[in-house]
Amino acid sequence: MKHIINNILCIIAIFWLACCKPVPVSHWFPVTPQEHYEKELYKDKLEKTIAGQTWFRVGQEVLNDSVFSIAPYQERFYLGDSIPAQAIRLQIPEGRRLVITPLRDQQDTVSRLFVELYKIKSNGKTQRIDYLGEGGQVLTYDNYESDTLLLRLQTGLNDKLSVTLTLSTLPSLGFPVAGYNMSSVISYWGAERDRGIRSHEGIDISAKRGTPVIASQSGFITQTGTNNLGGKVVFMSSLGTPYSLYYAHLDSQLVAVGQKVTRGDTLGLVGNTGNAITTAPHLHFGIYSRSSGAVNPLPFINDRKEKIPGLPERSPWLGDTVLIRKKTSLFTSAQFQESEQIRSLPSNTLVRILGEIPKGYRVQLEDGTKGYIPTVTIQKYRKTISIRRKASEGENSR
C-alpha cells in the first residue's frame, strides 16, 4: 500500500511540473531583496500579467547590456513603465575598492530600488557577487582580478523612479609608511633600473630613518631576512586577498616568520639597506600576486581624493522620447572616445532618454540599441507633428 501511495504522489508531481510553469529555485529560496520581491510577485501570479512579464523580461535582458563606464562617474537613471531595469558594465584598476552609491529622489520614499552587482565570466554569462541589502545605502567591492563587472538597478512593478548613481574608488590597502602619504612617493612602477637591464617592480616612498613601516592589510609574516637588492626585508601574506606584500631596505625588522599581524601593526623601520646604501632612507614597497607575479602597487595605496564630475539639473526629458535636433554620434561609453562609436545619428533621430551624465545622455534607439550621446539640442516628440511632417514630405515628393 505504501508503494502505491508513493507512486501516486510521484505521478501527481510529474503532472504538476508538466502542466505548470515552474518557479525559479531562487524564488523558492530567496537571498537578495529582489528575489524576495520576485517571490511575492509569483505568489500573486503577477508574472502572468503584461506588466509583470515586461518587468521580468527587461530585468533579464539588461544583464546583456554593453554600455560601459569607468569610475569615478555619475549618472542619473530613469526606471519605470517599459524600462523597470537598467544596467552598466564597468572596470576598475586592480587593487581599487569600488564604492557604489545609489541615491533616489528625496521626494520619493515609496518606490522600490534593487541594486545587484555581477561579474562577467569568461563565457560571457553573469554571476552575482553582491547586492545592496534592505535599507543599505552603499555597496563596495574590492577588485583583485581586473574583472568586468555589471551593475543592475531595478525598481518595483509599476513604480517610477529617478536614481542618481555615483561610482568612486578607494585604495584597498593602507599606506605602508606611518604618517606619510602619496606625496612621499619618489619612484614609480616600471622605472628603469641598472641602465635599463630591469624595471622597477614596486614603488619607493621617501621617509625619515626609523619611521615605522606598517602592515597595509591584516595577514601573517611569511619571510624575513637579508638579500643583496632589498637589504633587510619582510614578506607578508595578506588575508582574504591573493597577494604577498614586500617591504625592503629596512633599517630593522620587528616581526618574525609565522607571526600574525593586523592592519596598521609595525613590521620594521625605514632605512637604506641593500642596494639603497648610497641613497636617502626610503621604503621599497612591492606587491606580488600568487598567480601572476609582481603587480603595480600604486592603485592599491593611492589615497588621493578623486574628482567626480557633477550632474546638471534634472532634465524634464528624463524617461521621455525626444528628437535630437542636430547630427551626433552614439557611443558605447560616456567617455565618447572615437573607438567606442557605435554609429552616426542624423538630425531628427528619435531616441528615448534613459539617463543623464555630466555632458550628455544615455539613450535608446527605436531598434533597441543603447548608448551615450553628447549634450545636444533636443525637442519633445509629438506623434501628430511627425505624422504631419511625413504627409508634407509625401506631397513635396510628388
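This text follows the structure it describes.
Residues numbered from 1 in each chain as written. Predicted model: local features only at pLDDT ≥ 70, side-chain atom pairs only at ≥ 80, totals over all residues. Heavy atoms only, no water.

Caption draft 1: Here's a closer look at the sheet that holds strand 6 (residues 126–131). If you trace the five strands from one edge of the open sheet to the other, you get 1-3-8-5-6, paired in mixed fashion. The two strands at the open ends of the sheet, each matched to only one other strand, are strand 1 (68–70) and strand 6. In this sheet, adjacent strand axes meet at a mean angle of 35° when their direction is disregarded. In this structure, strand 3 (residues 85–91) lies alongside strand 8 (residues 149–155), joined through six bridges in antiparallel fashion. Bridged to L90 within strand 8 is L149. Along the sheet face, helix 3 (residues 33–43) touches strand 5 (113–120), strand 6 and strand 8 and points at about 120° away from the line of strand 5. Packed onto the sheet, helix 4 (residues 50–61) meets strand 3, strand 5 and strand 8 and runs at close to 165° relative to strand 8. (Pairing = 2+ DSSP bridges. Helix = DSSP H or I, 4+ residues; strand = E, 2+ residues; numbered from the N terminus. Axes fitted to C-alpha atoms, helices over the stretch in contact; angles between N-to-C directions. Contact = heavy atoms within 4.5 Å.)

Caption draft 2: Here's a closer look at the packing of aromatic side chains. Tallied over the full model, the rule gives eleven aromatic pairs. Judged by centre distance (5.1 Å) and plane angle (85°), the rings of W55 and F56 are edge-to-face. Take W55 and F56: they sit in the same class, and that class is buried. An aromatic cluster is present here, built from Y37, Y42, W55, F56 and F114 joined pairwise through their rings. (Phe/Tyr/Trp six-rings, centres within 6.5 Å; stacked < 30°, edge-to-face > 60°. Buried < 20%, exposed > 50% of the residue type's maximum accessible area, 1.4 Å probe, protein only.)

Caption draft 3: The arrangement of the pattern of salt bridges in detail. Enumeration according to the criterion identifies 15 salt bridges in this entry. Close ionic contact of E75 with R362 constitutes a salt bridge, the shortest N to O distance being 2.6 Å. Of this pair, E75 sits in strand 2 (residues 73–80) while R362 is found in strand 26 (residues 360–365), placing the two residues 287 residues apart along the sequence. Each member of the pair, E75 as well as R362, is classed as buried. In this structure, the salt-bridge partner of D320 is K380, at a minimum N-O distance of 3.6 Å. With a gap of 60 residues between them, D320 in the loop between helix 5 (298–301) and strand 22 (321–324) and K380 in strand 28 (residues 378–380) connect regions that are remote in the sequence. In this structure D320 comes out as partly exposed when scored by relative accessible area, which is 25%. (Salt bridge = Lys/Arg side-chain N within 4 Å of Asp/Glu carboxyl O.)

Caption draft 4: Spatial organisation of helix 4. With twelve residues, helix 4 extends 16 Å from end C-alpha to end C-alpha; this agrees with the ideal 16 Å at 1.5 Å per step. By the burial criterion, the buried members of helix 4 are G52, T54, W55, F56, V58 and G59. (Expected span 1.5 Å × (residues − 1).)

Caption draft 5: Representation of the nonpolar core in the model. The biggest cluster of nonpolar side chains holds 29 residues, and the ones touching the most others in it are M236, Y247, L267, F285, I287 and I301. Residue assignment for this core shows that the elements contributing at least two residues are strand 13 (203–206), strand 16 (231–238), strand 17 (243–253), strand 19 (266–270), strand 20 (282–289) and helix 5. By residue number, the principal contributor to this core is strand 17, which donates four residues. Residues I88, L153, L167 and I357 belong to the second largest nonpolar core, which totals 26 residues. (Core = buried A, V, L, I, M, F, W, Y, C linked by side-chain atoms within 4.5 Å.)

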